[in-house]
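Residues per chain, in single letters:
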Amino acid sequence: IREELLGNCQIDNITKYLSRLGLFCTSDHPIREIDEAKTYMLDDILSENRLKLTDGNGKITREIAEEVFQKRGLFKEGTSIDNISTLQVRLAGLKGVFTIVDPVTDPDFCGERNQADIVYRQSMKKIDWTHSTLCLVKIGKFNYLYFNMQMLTLLVSLEDNLTHGWDPKPRIRQLYRNNLEEFAELFRDPDLANSKLISNYPNYYKSTGEHFDILSEPFFLSLLRCIYTYSIRLLVRRFHFRVEEGCMLMGIPDPIGVLGDGEVFITYIDEENGVQILTGRTLVYKNPCLHPGDLLVPNAVDREELRHLHNVIVFPIVGKTSIPACSGGGDLDGDEFGIIWDKELVPPEGAVYPPLNYDTVLSDYKENLKKTSEQEEFVPDLPIHNDKNVRHLLATAYFKIVSNDLLGIISHYHVAISDMMEDGARNEESLQLAKLASLAVDSPKTGVIPIIPHEIRALIKDKGYPDFMEKVLSTSYPSTKLLGELYQMAKSICYESNEWINVLNYYDKQDFQHKIPANIPIDTFKISGHSQYMEEAGSVYFEYSTALQRLMLAFGISTEAELVLSKIVRCHPLLSADRGKTTNSLKAAIEDLTQEFREKFHKNTEESEYLKKAAAWYVTVYEHQQSEESIFLSFPWLVGEYLCEIVAQQETVLKTDMHTTIGKSVRQYLNQQQEVIQSVVDSKIGLIPVMESAINTFAKGMFEPASVDLPIFDVRAFGSVSKYHCQPESDLDVSVSLTEYGKQLIVESENGQTFELKQRRKIFLEDYISPSLFEIANFKSNKLSLEVPIVAITMDSPIKTYPEVSVDVTIESDGVGKSEYILHLYCSSRGAFFALLWILIHWARHVGILKSHSSPDSTGMILTAEFEALVLHIYEQMEVLSEVSEENRIDSSLHSMFEALTSSDIEKTLGLVLERFFNLGYRITSTATSEIEYTWPINGKPTHTIDKVALNKISGLLFQGWHCLVYTRDITKLLERVEINLKFAKRFSVFMSDMLRSATQYYEKDLTNKTGCIVKIEEMGRNILLTAHGSASSIHKLSQEVSRIESNSSLTKRYKSNCSRYMIDGNLALVISNSSSDSMIKLKPASKHSCCKHFHAHNNKSVLVSSDKTINPSWKEEGTVKLKQQLWKQLKDFPTNSHDFLSNLKFKTRFGSFYVLEGVDSVRNVGDSLDMEELESCLVKGKNNRKSDSVEEKSAFPSQTSLQKEKDKESSSNPKPPPTPLSKKDAKSKKNKEVGSLNSGFCPGIYTIHSPEHLKKSIDVFRKSLQQCGFEQLDREKPYTWRIDLELKLDHDVRVNLDSTFHVVGIYSRPYIWLLATILADRNIVDDQRAHDVRLRAESTREVQEEDDVYAYVLPDGEVTDLLNIDENGNPEPCERLKDKVRIIKHSKEVDYFQLDNVVAKMSSGVEYCRENFAFGRQLCELTLYHSETDLKEGVAASKSCEVQTIAARAVEISLNLSETISSNMQ
């Protein structure tokens, strides 16, 4: 075969021989025989440095060229020979390009050559071959120019070589954005979509757009999405985007020699403007290009003698050197050159880098290699002078050539090195790689395979590749240069985790191949007579779908759109090596398939039946029942011209509207969110009446007596709550202003004095607002030194399932006016602006635009108020909505907003407003030359400024949002959009931080696993700071999880810290055995600890103590009934639907001593004793003090004198007289305010200090008392020996039970939501050992299963024996991993069980070790009663009153027996 192809060629070089064989692998088309007598060879013209100026280029007569056009059918395709000047051909061993000339005027066809058809140069002759058929490879024509990664790398490197200020990057960014904009416009502009479909889908009928809405028709929409996705893929992977003022043209030498040295003639034909001739400095280069000197800037000139040429770049045949050879070693045998005339991209003279002399690269490399290897003679890597007939040598050379991928490796290294070096492609390593690339290109001819230096390989291995190269198996870093910036811009639209994804899975079969939109007009095609072809259509469709599936399987294609367009988005690895050939093969297969089924359509069918048959094809597919089979929508469009004719005959245009589709998704989404939005707003706005009442009540007291019953202050919400876009964790912003009546009172009290606004705000907040909020606030802090002074408080939400609400109270805020203006727009747009702003605010939160005003840890860009100002700035320029008349407006309530959204009439308006906002917003923010300032059209004209840095970032996010919106037409996809890596930060309150502090490791792991974010929790002073980063969707999940945790902690806080107050209100703490409700309590220091025991004090009324220890009838009648009522009241509020609460609900009774902490000094100023109301006040204050986050505040209720002193310091020049004094209050209430705070506790057991002797006595007393009450001992094994109490979660505690060998036998979780009730015993001050308090407790404890996250945290490796050890002193020592989580360790040495009816008593004794010192153990003996759970659960579930009277009575009975038993033992 080789001999037949090459004959007896005299080529000794094996690699050169193989390259000549490669000539026959070129895809060409035979045209005609050429008479050898009519061909002439000319010598090549050389430059001054001996380079060929005519390398690979000859001439052909116009007559022969016309015959080529005729035989190739180019005239039918609309190509005119007048627009073509070059043909790339193969002929009789010739390889190169022929320029089409007129032999009459061309100088090379004169004399003896005047009868010639072809004149060729010696450089075109590759082999001696007798085959005389002229074969066409391609014609030279105009092509659009697209950037690529290598060219961009070189171009931006030239910038650093200049001090003139030339910078191509802004223009490159703009071109990049223009290409991205065009892709998005595919879904908005029907003309653009039509042209794209014409150029990409061969079977597209040109008038389709006149009859169908191609932007919404499912099949064409899928094609547009495929074109979009494929284009974005090229843009991101190859930086393939169009240069608007640029083109690709084939190069030829000057045919008549009129160009001077350094001059070029460039001509092309523009479809709109006709023939164009460029003049001036132009940028010229050839791909591939790796050396900065490959970018040439010759001078383009106009020569009349060359104007007959078209779509070529003409190089001079005179001069010092060859211009093509200076650009990547190019020649004129078919090379195409990139040409740019955009003035912003053409480098000035000083920026042009000297070109590389490619002719000396090989010799320089050989010489350098000899020096470094100390070889006397260079040894090539491939055999070049051996006998070509030796098969194994030929095979070895062939194998090395085809397996050599060094050029690709060098090219990748070049891009990576250029990116990591400051001087880009001008650094020494990149220049060296450019030379190696030239050697790699010529290695099949020269036999030289270059070696990449070890230093370069090591540098790549150490630093890795830039992210835009997507080397997923190698080290990668985020590039900060232009390519990295462009990559991130496009990646944010369609990329995730370095793997190509189709935007939001719209290529998934669930979306396109199983779901046909409901608005498809099937009835339009159910024309008369179509039904007779339905059966045949189904049969042909089955054949067609089978054929498509086979092709999809063969080419590894997943979607129909990729197949029919021959645009493979995800190319199979086996086919990706040569995507060009793969694409051509696919195109040919699709063309054959289309032709085959069009023939089937027309076969045996009269022309008059074509429409009926086409209609049947359409109905067959578009009425296809949803099934597991794929639906191929392209089937009826094989005969699309007939479908258009059907629609045309009915004189209708089948259209839907993109904006209506978007608006429908907005309306549906908001209606789904209505209940949540309403409840969130109600959870905050419901506090306004409470605050208004408290503030006005207090103010009236200061101006007593009030002459009229009118409010002094008006309290209004502003900010996110008032505009209805708040979240559960959002603050409530409140503005307090004077009513007209209030202004009269204040003017009178100020005696004509005037104050600045800030000073007035501070005085009002200090004198009137702050003191009035004490009674209703859980926590309060004055922040009067801020630019806008506020009082910060927290309050329980009126809706219990929501977390505690943070409230910022200020005076006469501008925010009220802003809120009123926003609400005005809501009303005048009939809810459209409400929908727009709500969507935008939530979108901005998801993508990281918004930051918190109150949190310095927020990672957003701008405040919510600033973003609202930006929204208004854009909205007011949209001119989409016209303001409705007064009678057509809606009111500003949230209910009215959602009522307006119930109508489908608003859908198109919603879609139009939202899409226009993202489109216009992107353009406004991207073109802003400086900051944007917006002035609110309200009193005071407040302004907001958004700086340029923030605008640049927001512009990119708006651009991404616009793409997502027009592509998916679904608002849910916009809000769920996976974006760039975002950051999240949350600083918890001191209360939350205290609860989280012992569980930071647990929550780090738990939140990371649940959300996908990388979560870190660390200390920040008294607070805990949570930081995280991840995608927008994962950040959104994290935000929801944090809100859930805060909500749970709110429940925990409400029940845990407010428990005393709740119980006292009913009379749980007032229930005193054998006494009446007005008895007094005296506190006495207990032992050496800082706690006090309670005793009855005979103050107002004697304590009724009966000598036989029977229960006082008055107590039994009064106390037990109230006890039952209060228990039930609290049980009703338990979260029975969460935490498996109801199924694990238990009720138990313990016996011991109720005590208060640090209470003696706190109550000395109220006398020897406290009544129950005073005790309540102390415990409530203790609760508030535990909540307080402010250690600097002197008092929760500062005196008026102290306030005045502070004001005197700030305004000594213009002092304000003291405010009107408070009215007299009830003496008793006044006394309560002076009482200190108390915290309570409960110590189980019958002795305060347990020595071994006391322990033995306790066991005897408990056993004897139970027996006297009728309990019988059970034979039951001890369930565990050791118990570890862990603090892992802020809303639960965790108990781990271990046996005597330290094996885990059970893990239990208990919510921090329980019910405590204490019955205080009748204690004698002199001798209290006989009396015992009773603690009633309702709680829920569940066993933790292995799949639970708590189980995985406690036992991460499943090991059940490493939690606890015993040290050398016999004390327990928890494992290091959980040591800081352990709260208590209990060692149960003896456990006995007793039972009476449905009550089980557990008596346990052992040692208890506390966290502070595990080396110290306290002897412990406890008695616990477990009551019947059935009645309790049924009562709670059925909302019936629970019979706790029996429980309480039995508890008191055992307590009395314990006292009696102790007394008898003491005697």
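All figures in this text were calculated on a predicted structure; none of them were measured in a lab.

A separate point is the overall build of the protein chain. Across its full length, the protein chain holds 45 helices and 48 strands. Buried residues in the protein chain amount to 55% of all 1467 residues. Entry remark: accessible area of the protein chain is about 66000 Å², with carbon and sulfur atoms responsible for 47%.

Aromatic ring pairs are defined here through the distance separating the ring centres and the angle between the ring planes. Applying the stated rule across the entire model yields 46 aromatic pairs. On the basis of an interplanar angle of 45° and a centroid distance of 5.5 Å, the ring pair of Tyr-544 and Phe-635 is categorised as tilted. Highlighted residues: Tyr-544 in helix α17 (residues 534-555) and Phe-635 in the loop between α20 (610-622) and α21 (640-649), separated in sequence by 91 residues. Measuring from centroid to centroid gives 5.8 Å for Tyr-934 and Trp-936, while their planes differ by 80°, and the two rings are edge-to-face. An aromatic cluster is defined as three or more aromatic residues linked by ring pairs; in this entry it consists of Tyr-201, Tyr-204, Phe-212, Phe-219, Phe-220, Phe-525, Tyr-618, Tyr-622 and Trp-637.

To continue, consider the pattern of salt bridges. Per the stated rule, a full pass over the model turns up 38 salt bridges. Between Glu-641 and Arg-598 there is a salt bridge, with the nearest N and O atoms lying 2.9 Å from each other. Here the residue Glu-641 occupies a position in helix α21, and Arg-598 occupies one in helix α19 (residues 579-602), the gap between them amounting to 43 residues. Residue classification places Glu-641 among the buried residues on the basis of a relative accessible area of 18%. Linking Arg-1295 and Asp-1285 is a salt bridge whose minimum nitrogen-to-oxygen distance equals 3.9 Å. You can see Arg-1295 sitting in strand β39 (residues 1292-1298) and its partner Asp-1285 sitting in strand β38 (residues 1282-1289), a full 10 residues away along the chain. Like Arg-1295, the residue Asp-1285 is buried in the burial classification. Within this structure, Glu-181, Glu-185, Arg-188, Glu-915 and Arg-923 form a network of salt bridges that share partners.

This part takes up the side chain of Glu-1041. Its place among the elements puts Glu-1041 in helix α35 (residues 1032-1056). Excluding residues that lie within four positions of it along the chain, Glu-1041 makes contacts with Leu-1007, Lys-1010 and Thr-1011.

What follows is about the sheet that holds strand β6 (residues 118-121). Adjacent strands of a sheet form backbone hydrogen bonds with each other and so pair up, either parallel or antiparallel. Across the sheet, which stays open at both edges, the seven strands sit in the order β1-β7-β4-β5-β3-β6-β2 with mixed pairing between neighbours. Two strands close off the open sheet at either side, each with one partner strand: β1 (29-33) and β2 (39-42). Going across the sheet, the axis of each strand differs from the next one's by a mean of 30°, ignoring polarity. Where helix α3 (residues 62-72) meets the sheet, it contacts β1, β3 (57-61), β4 (86-91), β5 (94-101) and β7 (133-139), and its direction lies at approximately 135° from that of β1.

Turning to helix α6 (residues 190-200), a few remarks are in order. Buried within α6 are the following residues: Leu-192, Ala-193, Asn-194, Leu-197 and Asn-200. On the buried face of α6, the contacting elements are α5 (169-185), α7 (208-211), α8 (218-238) and α18 (560-565).

What follows concerns the environment of Ala-547. Within the secondary structure layout, Ala-547 lies in helix α17. Separated by 46 residues in the primary sequence, Ala-547 and Leu-593 place their C-alpha atoms 8.0 Å from one another.

That bond from Asn-287 to Pro-288 is cis: its omega, -5°, falls within 30 degrees of zero. Here Pro-288 lies in the loop between β13 (283-286) and β14 (299-300). Phi at Arg-830 takes a positive value of approximately 55°, unusual for a residue other than glycine. In this structure, Arg-830 sits in the loop between α26 (814-828) and α27 (832-846). Residue classification places Arg-830 among the partly exposed positions, given a relative accessible area of 35%. Unlike most non-glycine residues, Lys-941 shows phi in positive territory, near 45°.

A few words now on the sheet that holds strand β22 (residues 732-738). Read from one edge of the open sheet, five strands run β21-β22-β25-β24-β23, paired in mixed fashion. The strands lining the two open edges of the sheet, one partner per strand, are β21 (713-718) and β23 (779-783). Strand-to-strand twist in this sheet, taken as the mean axis angle between neighbours without regard to direction, amounts to 25°. With six bridges joining them, β21 and β22 adopt antiparallel strand pairing. Bridge pairing in β22 links Ala-717 to Val-734. Sheet contacts for α26: β21 and β22; angle to β21, the most-contacted strand, approximately 60°.

Looking now at a negative patch on the surface. Taken together, the side chains of Glu-591, Asp-592, Glu-596 and Glu-599 make up a negatively charged region of the molecular surface. On the secondary structure map, Glu-596 appears in helix α19.

Glancing now at the packing of α17 against α19. One way to put it is that α17 packs onto α19 with a least axis distance of 12 Å and a crossing angle of 175°. In terms of orientation, α17 and α19 fall into the roughly antiparallel class. Residue-level inspection shows Val-540, Glu-543, Tyr-544, Ala-547, Leu-548, Leu-551 and Phe-555 of α17 in contact with α19, the latter providing Thr-582, Ser-585, Leu-586, Ala-589, Ile-590, Leu-593, Phe-597 and Lys-600. Residues that form the contact of α17 with α19 fall into these classes: 11 nonpolar, two polar and two charged.

Glancing now at the packing of helix α4 (residues 149-159) against helix α12 (residues 406-420). Viewed as axis vectors pointing N to C, α4 and α12 meet at an angle of 35°, and their least axial separation amounts to 10 Å. Pair α4 / α12 crosses with left-handed handedness. Between α4 and α12, the residues in contact are Met-149, Gln-150, Thr-153 and Leu-154 and Ser-411, His-414, Val-415 and Ser-418, respectively. Looking at the contact of α4 with α12, its residues break down into three nonpolar, five polar and no charged.

Here the protein chain shows a mean pLDDT of 78. Residues at 70 or above account for 75%. Overall, residues 1073-1077 carries pLDDT values under 50, and its contacts beyond four positions in sequence, including any with other chains, amount to 20 contacts. Confidence over residues 1183-1235 falls short of pLDDT 50; this stretch has 88 contacts with residues more than four positions distant or in other chains.

Cut-offs applied
- Residues numbered from 1 in each chain as written.
- Predicted model: local features only at pLDDT ≥ 70, side-chain atom pairs only at ≥ 80, totals over all residues.
- Heavy atoms only, no water.
- Helix = DSSP H or I, 4+ residues; strand = E, 2+ residues; numbered from the N terminus.
- Buried < 20%, exposed > 50% of the residue type's maximum accessible area, 1.4 Å probe, protein only.
- Areas by Shrake-Rupley, 256 points an atom, 1.4 Å probe, with all protein chains shown as cover.
- Phe/Tyr/Trp six-rings, centres within 6.5 Å; stacked < 30°, edge-to-face > 60°.
- Salt bridge = Lys/Arg side-chain N within 4 Å of Asp/Glu carboxyl O.
- Contact = heavy atoms within 4.5 Å.
- Pairing = 2+ DSSP bridges.
- Axes fitted to C-alpha atoms, helices over the stretch in contact; angles between N-to-C directions.
- Patch = residues over 30% accessible without salt bridge, like charges linked within 9 Å, V, L, I, M, F, W, Y side chains within 5 Å.
- Lys, Arg positive; Asp, Glu negative; His and termini not counted.
- Charge placed at Lys NZ, Arg CZ, Asp CG, Glu CD.
- Parallel < 35°, antiparallel > 145°, perpendicular 65-115°, else oblique.
- Nonpolar A, V, L, I, M, F, W, Y, C, P; charged D, E, K, R; others polar.
- Left-handed = near helix turned anticlockwise from the far one by under 90°.
- pLDDT = per-residue confidence, 0-100.

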